[in-house]
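# Examining the three-dimensional arrangement
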Amino acid sequence: MKKNIAVLSGDGIGPEVIEQAIKALEAVANTFGHQFSYREAPIGAHAIDLTGSPLPEETVQTCLSADAVLLGAIGDPRFDDDPDAKVRPEQGLLGLRKSLSLYANIRPVKTVNTLAHLSPLNESRIENVDLMIFRELTGGIYFGDRGLDAKNKVAFDTCVYSEEEIQRIAKLAFEQARLRKRKVTSVDKANVLETSRLWRRVVREMGKSYPDITLEHMYIDNAAMQLIQNPAQFDILLTSNMFGDILSDEASVIVGSLGLLPSSSVGVHTSLYEPVHGSYPQVAGRDIANPSAAILSAALMLEDFGLLKEANIIRFSVQQLLEKGIGTSELDPEIIQTCSQFGDLVESLVELGKDINFDQAKFNEKISTII
Ligand code: IPM
Ligand code: MN
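The structure contained in this document is the topic of the report that follows. Predicted, not measured: the structure shown is a model, and the values here were computed from it.

Now for the side chain of Ser297. You can see Ser297 is positioned in helix 11 (residues 292–304). Judged by its relative accessible area of 0%, Ser297 is buried. A polar contact is formed between the side chain of Ser297 and the backbone oxygen of Glu274, at a distance of 3.2 Å. Those residues within four positions of Ser297 in sequence are excluded, and the remaining contacts are Pro262, Ser263, Tyr273, Glu274 and Pro275.

What follows deals with the sheet that holds strand 10 (residues 236–239). Strand order in the open sheet made by the ten strands is 2-1-3-12-11-4-5-10-8-9, with mixed pairing throughout. Sheet topology places strand 2 (35–40) and strand 9 (214–219) at the edges, where each strand pairs with a single neighbour. Across this sheet, the average inter-strand angle for adjacent strands is 25°, counted without regard to direction. As defined by bridge partners, strand 1 (residues 2–10) adjoins strand 2 across six bridges and the pair is classed as parallel. Paired with Ile5 across the strands is Tyr38, a residue of strand 2.

On to the nonpolar core, then. Of all hydrophobic cores here, the largest spans 47 residues; its most connected members are Phe36, Leu70, Leu302, Ile314, Leu322 and Val346. Taken together, the elements giving at least two residues each to this core come down to strand 1, helix 1 (14–32), strand 3 (68–73), helix 11, helix 12 (308–323) and helix 13 (339–355). Residue contributions to this core peak at ten residues, all from helix 1. For this core, the domains that each give at least three residues are domain 1 (1–101 + 268–371) and domain 2 (103–266). Each residue touching Ile314, except ones within four places of it in the same chain, is listed here: Ala24, Val28, Ile295, Ala299, Leu302 and Val350.

This next bit is on the site of ligand 1. Around ligand 1 lies a shell formed by Glu90, Arg97, Arg107, Arg135, Tyr142 and Asp245. In this structure, Arg135 approaches ligand 1 through a side-chain N or O atom, which is 2.8 Å from an oxygen atom. The contact in question runs from an oxygen atom of ligand 1 to an N or O atom on the side chain of Asp245, over 2.9 Å. In terms of residue class, the shell around ligand 1 is made up of one nonpolar, no polar and five charged.

Among the surface-exposed residues, Asp80, Asp81, Asp82, Asp84 and Glu90 lie close enough to one another that they form a single negatively charged patch. Looking at where Asp81 falls in the secondary structure, it is placed in the loop between helix 4 (77–80) and helix 5 (89–99). You can call Asp81 exposed: its relative accessible area is 65%.

Thresholds applied
- Residues numbered from 1 in each chain as written.
- Chains lettered and ligands numbered in written order.
- Predicted model: local features only at pLDDT ≥ 70, side-chain atom pairs only at ≥ 80, totals over all residues.
- Heavy atoms only, no water.
- Helix = DSSP H or I, 4+ residues; strand = E, 2+ residues; numbered from the N terminus.
- Buried < 20%, exposed > 50% of the residue type's maximum accessible area, 1.4 Å probe, protein only.
- Polar contact = N/O pair within 3.5 Å; in protein donor to acceptor, adjacent residues only side chain to side chain.
- Contact = heavy atoms within 4.5 Å.
- Pairing = 2+ DSSP bridges.
- Axes fitted to C-alpha atoms, helices over the stretch in contact; angles between N-to-C directions.
- Core = buried A, V, L, I, M, F, W, Y, C linked by side-chain atoms within 4.5 Å.
- Domains from an automatic or database assignment.
- Near = heavy atom within 4 Å.
- Nonpolar A, V, L, I, M, F, W, Y, C, P; charged D, E, K, R; others polar.
- Patch = residues over 30% accessible without salt bridge, like charges linked within 9 Å, V, L, I, M, F, W, Y side chains within 5 Å.
- Areas by Shrake-Rupley, 256 points an atom, 1.4 Å probe, with all protein chains shown as cover.
- Salt bridge = Lys/Arg side-chain N within 4 Å of Asp/Glu carboxyl O.
- Lys, Arg positive; Asp, Glu negative; His and termini not counted.
- Charge placed at Lys NZ, Arg CZ, Asp CG, Glu CD.

From the geometry alone we can't say anything about function, so treat these as descriptive.
So, in structure tokens, the structure goes:
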């Protein structure tokens, strides 16, 4: 298979984790005879420094003409601390979501048993957590009218949703539920917000076409609480843009490290794959960041290309390493690896995978010879 991939490494630890993801993709390409080509393009603070814009038009064109987009991270404290900044790195990401019509952000959250002790929750609570958040990504309060009065004393942001915007994300969530535990929890604030009442009505209506799926509605405040109290109850969480932003960060700490979680954003044009974590500028350039989320994002990309076996090999390799107590320092593992060392190990395991027919015992053997 031949694919063109737009690579937007972005800011902070973005470039170093993306380098590892590309190593994993190249290992897959070499092992299975695929051809991936990469075109890099700037975004975020890096793009502001180069061009003055967080999303140069050329970057949008590179993404639109690619088969998929692999993104690192966006954000730089130079802009966070300046409330008057006219351009912000985040505008690059928001602009890209709009330009590519990436209306659904999908974030799988699954417990890694050997890392359960890193979770802020009791191990018993996080057993069997396997959920997915379907977050609407191009509408709601993120993209409604906003403003500030002339005296800088009053500000507003508007939340707008159309029936069609709700339908298209809800449909994806229901379809995915069919492949899983057949449950959709739709999150809203229908006791207060008009957009949430519309959300609930549209989702309920759609639920009628999926009689095999259990549909429940939950207020956002309750959902935030339930996610801590009993996260294993959820299968698919379906949310608007801002509720999903908040819940997905909350859900991400359940598994113990933000460095483990991949995401995909899909829509009308090219899909985008990125780690859930941010640019983590404090450790940028030190080769200690966890590349797992970026590598697993590459696996999601392969899955969407229809390369299921290849995607699973990457996942299995990462999982094997973590289960063997091998990982980056924030996981407090038995064997600490740098970002690039972890990437090297994944690369070797992927290459090995084909020869040993993905035999688990042989994988284990190989790991002990590498370390
Ligand atoms: C995310 C991020 C973005 C968002 C920021 C960087 C604009 O937090 O992808 O969740 O709020 O959507
Ligand atoms: Mn967020």
